[in-house]
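# Remarks on the overall topology
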Amino acid sequence: MLNVVIFGAPGCGKGTQSELIVEKYHLSHISTGNVLRTEIEKKTELGKLARKLIETGQLVPDDLIIKMLSDILKSNPNKQGFIFDGFPRTIAQGNALGQLLDDNGGIAVVLNLDVEEKILIERLLKRGEEQNRHDDTPETIQNRLKVYKDQTEPLIAYYKKQGKLFTIKGSYSVEDVFESIKEILDRLVYQNK
Ligand code: ADP
């Protein structure tokens, strides 16, 4: 199994690169943001709570998001592996993911897409106009970047310590970023053979 975490600030290109990775390496894509947006559309209890938090740029509480992820893993056995996009976002979530994957080879690699803040803001504002995402507004973007710095960024040191972190400059073109990702993943796939 090849389990990959794609990591980075809002707007770093996690979703776009995940789609390319899925196509080439046949991993199952788990985007907690996408799952939450579906819950919001379906107006479930979780969706109603998530809506308020997402629109103000806050995180969904760890216990709820960890339960959600654990249910998804149980109902999606995939021998090839998973790509986790938007999870973990806190150290508690990182610990939970390590435990959940314990019997399935653990996390092979964390791809950290590094993009400077000015570019992140430009991309998110553009996405807000194009895709009508309610969390891509100027105020919410500021808050999401702050939440990223306070709660999510500590995971960089956490995975570095575990020797799993690969940092890729994410401000280049989609194709160039994917080239860097392929170099890393091809090596891992080769080693696993
Ligand atoms: P982005 O990476 O651009 O911030 P996502 O689609 O991944 O967008 O997530 C949108 C929102 O969903 C987040 O701002 C957060 O409120 C919520 N969310 C997604 N994943 C998690 C998570 N693992 N823990 C807590 N909240 C989450």
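All chains use their own residue numbering, which begins from 1 and follows the written sequence. Residue-level local features of this predicted model are given only where pLDDT is at least 70; pairs of side-chain atoms are given and counted only at 80 or more, and the full residue set underlies all totals for whole chains, interfaces and linings. Here the side-chain values reflect all heavy atoms present in the structure, with hydrogen atoms and water set aside.

## Quick word on the pairing of strand E1 (residues 4–7)
Working definition: with a 1.4 Å probe on protein chains only, accessible area under 20% of the residue-type maximum means buried, over 50% means exposed, and in between means partly exposed. Helix and strand definitions follow DSSP, with helices as H or I runs of at least four residues and strands as E runs of at least two, each counted in order from the N terminus. Judged by which residues are buried, E1 turns out to be covered on both faces: Val4 and Ile6 on one side and Val5 and Phe7 on the other are all buried. Pairing between strands is defined by DSSP: at least two bridges between them are needed. In this sheet, strand E3 (residues 82–85) lies alongside E1 in parallel orientation, the contact comprising three bridges. Across the sheet, Ile6 pairs through a bridge with Asp85, a residue of E3.

## Digging into the sheet that holds E1
Read across the open sheet, the five strands follow the order E2-E3-E1-E4-E5; overall the sheet is parallel. Of all strands in the sheet, those bounded by a partner on one side alone are strand E2 (28–31) and strand E5 (165–169). Strand-to-strand twist in this sheet, taken as the mean axis angle between neighbours without regard to direction, amounts to 20°. Two strands pair when backbone bridges link them, and E2 and E3 are joined in this way by four bridges, in the parallel orientation. In the sheet register, Ser31 faces E3, and the bridge partner there is Asp85. The sheet contacts of helix H1 (residues 14–25) involve E1, E2, E3 and strand E4 (109–114), and relative to E3 the element is tilted by about 175°. Against the sheet, helix H2 (residues 32–41) contacts E2 and E3, and its axis sits at roughly 65° relative to E2. Under this scheme, a helix contributes an axis fitted over its contacting stretch, all axes are lines through C-alpha atoms, and angles between N-to-C directions fall in the 0 to 180 degree range. Here a residue-residue contact requires only that any non-hydrogen atoms of the pair lie within 4.5 Å.

## Structural notes on the packing of aromatic side chains
Between the rings of Phe, Tyr and Trp (Trp by its six-membered ring), a pair exists once the centres lie within 6.5 Å; its type follows the angle of the planes, with under 30 degrees stacked, over 60 edge-to-face, and the other angles tilted. The final tally for this structure, using the stated rule, is three aromatic pairs. Aromatic side chains Phe7 and Tyr148 sit 6.2 Å apart centroid to centroid with 50° between the ring planes, which places their arrangement in the tilted category. With Phe7 in strand E1 and Tyr148 in helix H7 (residues 138–152), the pair connects residues that are 141 residues apart, well separated along the chain. You'll find Phe7 and Tyr148 in the same group, each marked buried. Here the aromatic rings of Tyr158 and Tyr159 are separated by 5.0 Å at their centres, their planes lie at 85°, and the arrangement is edge-to-face. Across this residue pair, the class does not change: Tyr158 and Tyr159 are buried. For a ring to carry a charge above it, either NZ of a lysine or CZ of an arginine must fall within 6 Å of the ring centroid while also lying within 35 degrees of the normal to the ring plane. If you follow Lys24 out to its NZ or CZ, it ends over the ring of Tyr25, 5.5 Å from the centre.

## Observations regarding unusual backbone geometry
The step from Phe87 to Pro88 runs through a cis peptide bond, and the omega angle for that step is 0°. Even without being a glycine, Asn132 presents a positive backbone phi close to 55°. Secondary-structure assignment places Asn132 in the loop between helix H6 (117–131) and H7.

## Focus on the pattern of salt bridges
We define a salt bridge as a contact between a side-chain nitrogen of Lys or Arg and a carboxyl oxygen of Asp or Glu at a distance within 4 Å. Tallying each qualifying case throughout the model produces 14 salt bridges. One salt bridge connects Glu130 with Lys126, and the closest N-O pair in it is separated by 3.7 Å. With a gap of four residues between them, Glu130 and Lys126 both fall in helix H6, about one helical turn apart. Each member of the pair, Glu130 as well as Lys126, carries the same accessibility label: exposed. Note that Arg144 is salt-bridged to Asp136, the shortest N-O span being 2.8 Å. You can call Arg144 buried: its relative accessible area is 10%. What makes Asp136 buried here is its relative accessible area of 5%. Look at the salt bridges and you will find they share partners, linking Arg127, Arg133, Asp135, Asp136 and Arg144 into a network.

## Some remarks on the packing of H1 against helix H9 (residues 174–192)
Contact pair H1 / H9: the axes reach a minimum separation of 10 Å and the direction vectors enclose 45°. For the element pair H1 / H9, the angle class is oblique. In terms of crossing hand, the pair formed by H1 and H9 is right-handed. Counting all contacts with H1, which are made through Thr16, Gln17, Leu20, Ile21, Lys24 and Tyr25, the residues of H9 involved are Val174, Val177, Phe178, Ile181, Lys182, Leu185, Asp186 and Val189. Here the contact of H1 with H9 is composed, by residue class, of nine nonpolar, two polar and three charged. With respect to orientation, any angle under 35 degrees is reported as roughly parallel, any angle over 145 as roughly antiparallel, any angle of 65 to 115 as roughly perpendicular, and every other angle as oblique. If you view the pair so one helix is near and one far, a crossing is left-handed when the near helix is turned anticlockwise from the far one by less than a right angle, and right-handed when it is turned clockwise. Residues were grouped as follows: Ala, Val, Leu, Ile, Met, Phe, Trp, Tyr, Cys and Pro as nonpolar; Asp, Glu, Lys and Arg as charged; and all remaining residues, including Gly, as polar.

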